[in-house]
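One-letter residues, chain by chain:
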Amino acid sequence: MLKGQAFKFGDSISTDLIVPGRLLHLRSNLPELAKHVLEDADPTFAGRVHKGDFVVGGKNFGLGSSREHAPLVIKMAGVSAIIAKSVARIFFRNAINVGLPVLICDTDGINDGDELEVDLEEGNIRDLTSGLEVGFAPIPEIMLRILDEGGLVPYIRKYGDFVLPKS
Amino acid sequence: MGQTLAEKILTARADTEARAGHIVVARVDLAFVQDTTGPLTVRQFSEAGLPLHNPEKTAMFIDHSAPSPAKELSNDHVFMRKFAAETGAKLSDIGEGVCHQLVAESWAKPGDVIVGADSHTVTAGALGAFATGMGSTDVAVAMALGKTWLRVPETMRIRANGKWPKGVYSKDLILYLIGMIGADGATYKSLEFTGEAVTAMSMSQRLTIANMAVEAGAKVGLFPSDAVTQSYLREHGRGELFVPLAPDADADYESTTDIDVSRLEPTVSKPHTVDNTALAKDLKGVKIEQVFIGTCTNGRLEDLALVAGMMKGKKHHPRTRLVVAPASQKILLAAIEKGYITTLVEAGATVVPPGCAACLGVHQGVLGNGESCLSTANRNFKGRMGNPESFVYLASPATAAATALRGEITDPREVL
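Not measured: the values here are computed from a predicted model.

What counts as what
- Residues numbered from 1 in each chain as written.
- Chains lettered and ligands numbered in written order.
- Predicted model: local features only at pLDDT ≥ 70, side-chain atom pairs only at ≥ 80, totals over all residues.
- Helix = DSSP H or I, 4+ residues; strand = E, 2+ residues; numbered from the N terminus.
- Rg over C-alpha atoms; globule rule 2.2 N^0.38 Å.
- Buried ≥ 20, exposed ≤ 12 C-beta atoms within 10 Å, placed from the backbone.
- Contact = placed C-beta atoms within 7 Å.
- Nonpolar A, V, L, I, M, F, W, Y, C, P; charged D, E, K, R; others polar.
- Pairing = 2+ DSSP bridges.
- Axes fitted to C-alpha atoms, helices over the stretch in contact; angles between N-to-C directions.
- pLDDT = per-residue confidence, 0-100.
- Parallel < 35°, antiparallel > 145°, perpendicular 65-115°, else oblique.
- Left-handed = near helix turned anticlockwise from the far one by under 90°.
- Core = buried A, V, L, I, M, F, W, Y, C linked by C-beta atoms within 7 Å.
- Domains from an automatic or database assignment.

A word on the overall build of chain A. Summing up its helical and strand segments, chain A has seven helices and seven strands in all. Secondary structure of chain A in N-to-C order comes out as β-α-α-α-β-α-β-α-β-β-β-β-α-α. For 167 residues, the compact-globule estimate of 2.2 N^0.38 gives 15 Å, and chain A sits close to it at 15 Å. Projected onto the principal axes, the alpha-carbon positions of chain A cover approximately 45 × 45 × 25 Å. In chain A, which comprises 167 residues, the proportion classed as buried is 48%. Excluding contacts between residues fewer than 6 apart, the proportion of contacts in chain A whose partners are at least 24 apart in sequence is 64%.

Take a look at the structure:
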């Protein structure tokens, strides 16, 4: 069970808004880069987010560049999951690969600052502030296994190869 | 039931019948990184603790901040060069060009599966390769295992027919398409391009379209492999690698969109999203401080020839700086030989080395507060060119040249 506060963002939060190209020189210094997480979307975010909180987006979250540093610094900021209406393809894989859950559901009913409770097993999100309950789309099984191991590197260290579920 | 291009390629590389929705593990013909994603890839690769599957199928490109503008980035480059020297992975160093252009010139062939730690890896779809962008860790694992897992995408067929009108290019077609379906209109899908207008397109024009497939969210942007593919491979000394590739007539498409290119007009993406499109003629009067011509989208010889032709004997508008970055060393040399570079420099252009240059906001043309750039690149997100207080418009090289001459967004048909 995950519990934390919602930080609400709009549609089309690009990886340029999460970690802009002008900070390219910090990519091999992740703790420093993490101080700027989502800075161009909300300059106050990095200072306000606490361990366990949620980034809640609209449509097409994480579009743009393949930079894995984007989900990585969101995770380093303490965020326990990203919740969005839809997520760009590369960002989705990257988030799972660094062990950050991505939950797809209608986020219109979740407001900035709401207290959320997420049950990854049951597949639902409870908004404790508004009382709203919403289910999220199931994560494909191969990604669940990667997530279970904490990311793709620990997954590969354990299995040594991709293990496809029996169809 | 027949197969789409994506299903055909993945069936061959996964040794199992690949149908939309299946999850397959496919052999990888090339895994590559560039200097913004490479250092993390190397660290993840080392962490995974496996050897390199095949150095001959692993490439590292130093193109995004090349030559380096900062010591931290120089150290990233040192780190990448060291890894390449130790493992035998192929290294392309500063000045050689943008990874996607070099992959097209020297690596990609029809039927390949290519994974690159760069979203514009889709560019090689123009040669009939299932080429897709991934993050550092996915590519690190592909480097170690020689394979990757993929969900076989559903396919949206784009059928382009009609004759290309004057002043309209493949860039206008892809901007029009993204404007129509939206920046997430093809998320997780394969975009497959067919039709007589596609057959008539040069490889240079096809690469522009495949490059921007990801701006509609697509996993791949695929073209059939035909006579144009064959002559492109031959031109680059790789003719023997040609194989014809086409979708089956009875393939199953999620949707089919018909576009009559004869009705297209010069198109521009306005700040701050690629799908925010308008016609160039309707943006007359929008003042532009910088025109940037280059990148993996539109920095090829055909583009430079067009721009040089339009600017010959003229000067750029005094308000508008003109920055030109050829996409590869091969292109730069050919452009020198043909006199295009002389023409552009005489027109007042600043020619920068082959590489990504100003596109991603690190160097060689970062914008000032309130400034606007019209660029031939593929992305105009807020902050993309290094300053969230600036504005980026995207268009074809012809629209860029016309705009450089007039100092405001200009429909190229007024100048051609």
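From this point, the discussion proceeds with the structure in view.
Turning to the interface of chain B and chain A, a few remarks are in order. How big an interface is tends to be stated in terms of accessible area lost as the parts join. Counting from both sides, the interface comprises 45 residues of chain B and, opposite them, 39 residues of chain A. Elements that contribute at least two residues to the side of chain B that touches chain A include exactly β1 (23–27), α2 (38–48), α3 (71–87) and α5 (136–145) of chain B. A per-class count over the side of chain B that touches chain A returns 18 nonpolar, 17 polar and ten charged.

Right, let's talk about the sheet that holds strand β8 (residues 155–161) of chain B for a bit. Residue and element names in this part refer to chain B. Here four strands make up an open sheet; going across it, the order is β10-β9-β8-β11 and the pairing parallel. The open sheet has two free edges, formed respectively by β10 (220–222) and β11 (255–260), since each of these has just one partner strand. Geometrically, the sheet is characterised by an average inter-axis angle of 20° between neighbouring strands, direction not taken into account. In this sheet, β11 lies alongside β8 in parallel orientation, the contact comprising six bridges. When the sheet's bridge partners are listed, I158 is paired in β11 with T257. In the packing of helix α1 (residues 5–14) onto the sheet, the strands contacted are β8, β9 (190–194) and β10, and the crossing angle to β10 comes to about 105°.

Mean pLDDT over chain B: 98, with 100% of residues reaching 70 or higher. If you check the scores for this complex, the pTM reads 0.98 and the ipTM reads 0.97.

With that settled, the discussion passes to the environment of E302 of chain B. Residue and element names in this part refer to chain B. Counting through the fold element by element, E302 comes out in helix α11 (residues 301–311). For E302, a count of 17 C-beta atoms within 10 Å puts it in the partly exposed group. With 279 residues separating them along the chain, E302 and I23 place their C-alpha atoms 39 Å apart. Those residues within four positions of E302 in sequence are excluded, and the remaining contacts are S202 and S204.

Further remarks concern the packing of α11 of chain B against helix α14 (residues 397–406) of chain B. All names here are of chain B. Here α11 crosses α14 at 30°, and the two axes come no closer than 9 Å. As the angle between them shows, α11 and α14 are arranged roughly parallel. The way α11 lies across α14 gives a crossing that is right-handed. Residue-level inspection shows D303, L306, V307, M310 and M311 of α11 in contact with α14, the latter providing P397, A398, A400, A401, A402 and L405. Of the residues assigned to the contact of α11 with α14, the class counts are ten nonpolar, no polar and one charged.

Most often, soluble globular proteins have nonpolar side chains that are buried together. In this structure, I82 of chain A together with L10, V307 and L344 of chain B are the most contacted members of the largest nonpolar core, which totals 199 residues. Built from parts of two domains, this core gets at least three residues from each of domain 1 (5–260) and domain 2 (272–414) of chain B. Setting aside anything within four residues of it in sequence, one finds L10 of chain B in contact with A18, V24, A26, F130, L150 and V152 of chain B.

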